[in-house]
Amino acid sequence: MSPDYFEKIEQNRLLHQTGKAHPGRTRRYHYLLKQIVDAVPSKTILDWGCGKGNQWKHPLTFILGQPMLKDYLGLETITCYDPAVEEYNQLPNEEKHDLVICTDVLSLIPEQDLAWVFQQLRLRCSKALFLVVQSDHELSDKRYPDGSQKQVTVKPRNWWIEKCWASADWTGIPVYWKWSEEGRIPGEVLVPHYNIPI
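(A) Representation of the nonpolar core in the model. Leu-106, Leu-121, Leu-129, Leu-131, Trp-160, Trp-170 and Trp-177 are the most contacted members of the largest nonpolar core, which totals 29 residues. Counting residues in hydrophobic clusters, the runner-up holds 25 residues, among them Leu-32, Val-40, Cys-80 and Tyr-176.

(B) Examining the sheet that holds strand 5 (residues 175-179) more closely. The five strands are arranged 2-1-3-4-5 in an open sheet whose pairing can be described as parallel. Among the strands making up the open sheet, the edge pair consists of strand 2 (77-81) and strand 5. For this sheet the average axis-to-axis angle between neighbouring strands, irrespective of direction, equals 15°. Bridging between strand 3 (residues 97-103) and strand 4 (residues 125-133) involves six bridges; their strand directions are parallel. Bridge pairing in strand 4 links Ile-101 to Phe-130. Of the strands in this sheet, strand 1 (44-48), strand 3 and strand 4 are in contact with helix 4 (residues 114-123), which crosses strand 4 at around 140°.

(C) Region of interest: the packing of helix 4 against helix 5 (residues 157-167). Where helix 4 contacts helix 5, the axes come no closer than 9 Å and their chain directions differ by 65°. Judged by the sense of rotation from one axis to the other, the crossing of helix 4 with helix 5 is right-handed. Here helix 4 contributes Leu-114, Ala-115, Phe-118 and Gln-119 to the contact with helix 5, which in turn contributes Trp-159, Trp-160, Lys-163, Cys-164 and Ser-167. When grouped by side-chain class, the residues that make up the contact of helix 4 with helix 5 number six nonpolar, two polar and one charged.

(D) Highlighting the pattern of salt bridges. With the rule as written, the count across this model stands at six salt bridges. Note that Glu-87 and Lys-57 form a salt bridge whose closest N and O atoms lie 3.4 Å from each other. Note that Glu-87 is positioned in the loop between strand 2 and strand 3 and Lys-57 in the loop between strand 1 and helix 3 (69-73), a separation of 30 residues in sequence. Of the charged contacts in the structure, one is a salt bridge between Glu-182 and Arg-157, with a shortest N-O distance of 3.2 Å. Within this pair, whereas Glu-182 is found in the segment after strand 5, its partner Arg-157 is found in helix 5, the two being separated by 25 residues in sequence. The class of Glu-182 is partly exposed, set by a relative accessible area of 30%. The exposure class assigned to Arg-157 is partly exposed, which follows from its relative accessible area of 34%. One network of salt bridges, with partners in common, ties together Arg-157, Lys-178, Glu-182 and Glu-188.

(E) Local environment of unusual backbone geometry. Of note in this structure, Gln-66 is not a glycine but carries a positive phi near 50°. Tracing the sequence through the fold places Gln-66 in the loop between strand 1 and helix 3. Unusually for a residue other than glycine, Asp-104 sits at a positive phi of about 55°. Note on placement: Asp-104 falls in the loop between strand 3 and helix 4.

The rules we used
Residues numbered from 1 in each chain as written. Predicted model: local features only at pLDDT ≥ 70, side-chain atom pairs only at ≥ 80, totals over all residues. Heavy atoms only, no water. Core = buried A, V, L, I, M, F, W, Y, C linked by side-chain atoms within 4.5 Å. Buried < 20%, exposed > 50% of the residue type's maximum accessible area, 1.4 Å probe, protein only. Pairing = 2+ DSSP bridges. Helix = DSSP H or I, 4+ residues; strand = E, 2+ residues; numbered from the N terminus. Axes fitted to C-alpha atoms, helices over the stretch in contact; angles between N-to-C directions. Contact = heavy atoms within 4.5 Å. Left-handed = near helix turned anticlockwise from the far one by under 90°. Nonpolar A, V, L, I, M, F, W, Y, C, P; charged D, E, K, R; others polar. Salt bridge = Lys/Arg side-chain N within 4 Å of Asp/Glu carboxyl O.

What follows is the structure, given as structure tokens:
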């Protein structure tokens, strides 16, 4: 990993300490995650870049019955990882998880370190991958406490897909992409992407 990677982790750690970092964004994608687990039955999940993990600790108050996200998705076990949060900063072992998710994280990672991250995601994924990625430069002006750019890798959508395929062997694994600049789209249906070797 590059020195830039560890510097970004430190800046994110400072954000979490000051309460200025988002505590966990996965809940905003609950309706998309439900589509995935309905299409690809999943009991275990790895949330890579989970923040403080609050998405798994509080009920979905906007859904009838206010279920926890874990119960709403029918999951049995959740593994959280975030190198900038002390509670979750231990890299999970290479045990496979049915579903691996990485939401609003990849654009924070220096480009030279992305291949390693995709490889780590693949090592731990057995059924499906869900990625939320920023691909719009106009929405990438957030800053760290030291004034540096927060989103350091903002690329076109095709670039991200090609980077994912080039970094690890995703043959047979559906990869679901959501572009964060789109926001919520009424009636949105995720379409899986497959890396089909030529």
